[in-house]
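Breakdown of the fold
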Amino acid sequence: MNLVARILQDLHYRFFGSLVSLLGGLKKSRRCFALADALGTLRIRFGYIGSDWSRKRYLNSIRAIFPQAPAEEVDRLLRAYWVNHQKRFIELFLMQELTPENLSQLVEFKGLENLDRALQRGHGVILPVPHIGNERLHHIALAVRGYPLAVISSKYEDHGPYARNIKIGASKRFHEIGYANDAAWLLRMLKGNYVLQVASTAEAGQTGVVVSFLGQQILLPTGWVRLALKTGAAVLPSALLRQDDDRHLLVIQPEFNLTSTGERQQVLQDNVQRFMDVVSGFYTERPDLVDWMSLTVRLDETKRMLGSKIQS
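Cut-offs and rules
- Residues numbered from 1 in each chain as written.
- Predicted model: local features only at pLDDT ≥ 70, side-chain atom pairs only at ≥ 80, totals over all residues.
- Heavy atoms only, no water.
- Helix = DSSP H or I, 4+ residues; strand = E, 2+ residues; numbered from the N terminus.
- Rg over C-alpha atoms; globule rule 2.2 N^0.38 Å.
- Buried < 20%, exposed > 50% of the residue type's maximum accessible area, 1.4 Å probe, protein only.
- Contact = heavy atoms within 4.5 Å.
- Areas by Shrake-Rupley, 256 points an atom, 1.4 Å probe, with all protein chains shown as cover.
- Lys, Arg positive; Asp, Glu negative; His and termini not counted.
- Charge placed at Lys NZ, Arg CZ, Asp CG, Glu CD.
- Pairing = 2+ DSSP bridges.
- Phe/Tyr/Trp six-rings, centres within 6.5 Å; stacked < 30°, edge-to-face > 60°.
- Lys NZ or Arg CZ within 6 Å of the ring centre and 35° of its normal.
- Axes fitted to C-alpha atoms, helices over the stretch in contact; angles between N-to-C directions.

Some thoughts on the overall build of the protein chain
- Of regular secondary structure, the protein chain possesses 11 helices and 10 strands.
- By the compact-globule yardstick of 20 Å for 312 residues, the protein chain fits well, its C-alpha radius of gyration being 19 Å.
- Referenced to the eigenvectors of the C-alpha coordinate spread, the extents of the protein chain come out at roughly 55 × 50 × 40 Å.
- For the protein chain, with 312 residues in total, the buried portion stands at 52%.
- In the protein chain, the share of contacts with a sequence separation of at least 24, taken over all contacts with a separation of at least 6, comes to 76%.
- As presented, the protein chain carries roughly 15,100 Å² of accessible surface, and 51% of it is formed by carbon and sulfur atoms.
- Looking at the protein chain, you have 39 positive and 30 negative side-chain charges, and the mean spots of the two groups are 4 Å apart.

So, in structure tokens, the structure goes:
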């Protein structure tokens with residue numbers, strides 16, 4: 001992102017931050033979400049920034065995952081994506097106001113007993129959260145609830161300084177943040193019995209594996225598996241899912257049991273595959289909350305990787 005784009009982005013963030021405040025913020029969140037709904041409807045037509053992005057590219061990804069869906073359902077899912085996308089943007093400003101006292105205005109919890117039980121073992125917990133719902137609010141809500149959270153974050157180096165602060169600042173206010181290549185930090189967090197949130201559907205890097213997910217081949221990271229096997233940390237599937245009233249339900253499922261016997265690469269492959277089989281339920285039950293941008297990137301890079309292997 002060049003200098004002009006970063007300046008415009010910062011102005012965009014400042015404008016909507018002020019607008020959310022004028023609308024009443026968290027106390028008047030219905031007004032803010034009504035604004036997001038209108039913005040999402042606009043972005044169905046004008047939201048495709050970048051030379052490689054288009055409405056058609058999104059629609060093709062949705063059809064690949066749901067090939068039997070009629071055209072009107074595919075269009076509905078695209079609209080739902082953009083509306084949720086804009087609501088997530090508005091929530092960047094709303095979550096600045098979160099406290100233990102007002103958290104229930106935005107988030108409810110289901111399955112916290114699974115997290116409590118895992119923490120009692122004292123080896124830390126890893127939450128490999130998929131790109132569905134609102135992953136940022138997921139870790140902030142748990143931290144506000146009182147859990148010791150640590151999150152692997154992007155550095156947002158391509159953002160303007162104000163936008164970067166909005167995205168990282170809310171997290172830093174509530175919990176620890178680190179970066180994927182800092183192995184010592186990751187180990188220190190789990191040794192301290194933190195809850196470590198990572199992205200199970202992030203960019204894979206050199207150690208990724210290709211698994212079957214929702215009928216497609218997809219290249220996914222294995223770092224969370226390797227970290228859990230090394231430290232003994234518990235792994236729990238979870239997601240934060242928007243409800244009809246724009247409050248969220250943070251669901252934490254029972255512990256996912258890793259397998260550790262066999263050839264190393266096969267162990268990684270098997271564990272990632274079984275985990276994605278579990279979290280695929282979130283996608284099939286709530287396709288309106290799927291981050292189609294992230295999933296499209298994963299699918300496209302998988303095709304390129306597999307194509308390069310065939311050619312070589």
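Additional details are given in the paragraphs that follow.
Observations regarding the environment of L23
- Here L23 shows up in helix α1 (residues 3-23).
- Each C-alpha atom, one on L23 and one on L35, is 9.4 Å from the other, the two residues being 12 residues apart in sequence.
- Look past the residues within four positions of L23 in its chain and what remains in contact with it is K28, R31, C32 and L35.

Comments concerning the pairing of strand β1 (residues 107-110)
- Covered by surrounding structure in β1 are V107 and F109 only, the residues E108 and K110 on the alternate face being uncovered.
- Relative to strand β10 (residues 248-252), β1 runs parallel, the two being bridged by 4 bridges. From the neighbouring strand, E108 faces β10, where its bridge partner is L249.

Regarding the packing of aromatic side chains
- Applying the stated criterion to the full structure yields 14 aromatic pairs.
- A centroid spacing of 5.2 Å and a plane angle of 40° characterise the contact between W53 and Y58, whose relative ring orientation is tilted. By the burial criterion, W53 is buried, and Y58 matches it.
- Relative to W82, the ring of Y58 has its centre 5.6 Å away and its plane inclined at 50°; by these criteria the two rings are tilted. Placement of the pair is Y58 in helix α3 (residues 55-65) and W82 in helix α4 (residues 71-94), with a sequence separation of 24 residues. Like W82, Y58 is buried.
- The rings of Y13, F15, F16, F89 and F93 are connected pair by pair, giving a single aromatic cluster.
- One Lys or Arg, R57, reaches over the ring of W53 and ends 3.9 Å from the middle of that ring.

Some details on the sheet that holds strand β9 (residues 238-242)
- Taken in spatial order, the 3 strands make up an open sheet running β1-β10-β9, and their pairing is mixed. With partners counted over all chains shown, the strands left at the sheet margins are β1 and β9, one partner each. Between one strand axis and the next, the sheet turns by 20° as a mean value, whatever way the strands run.

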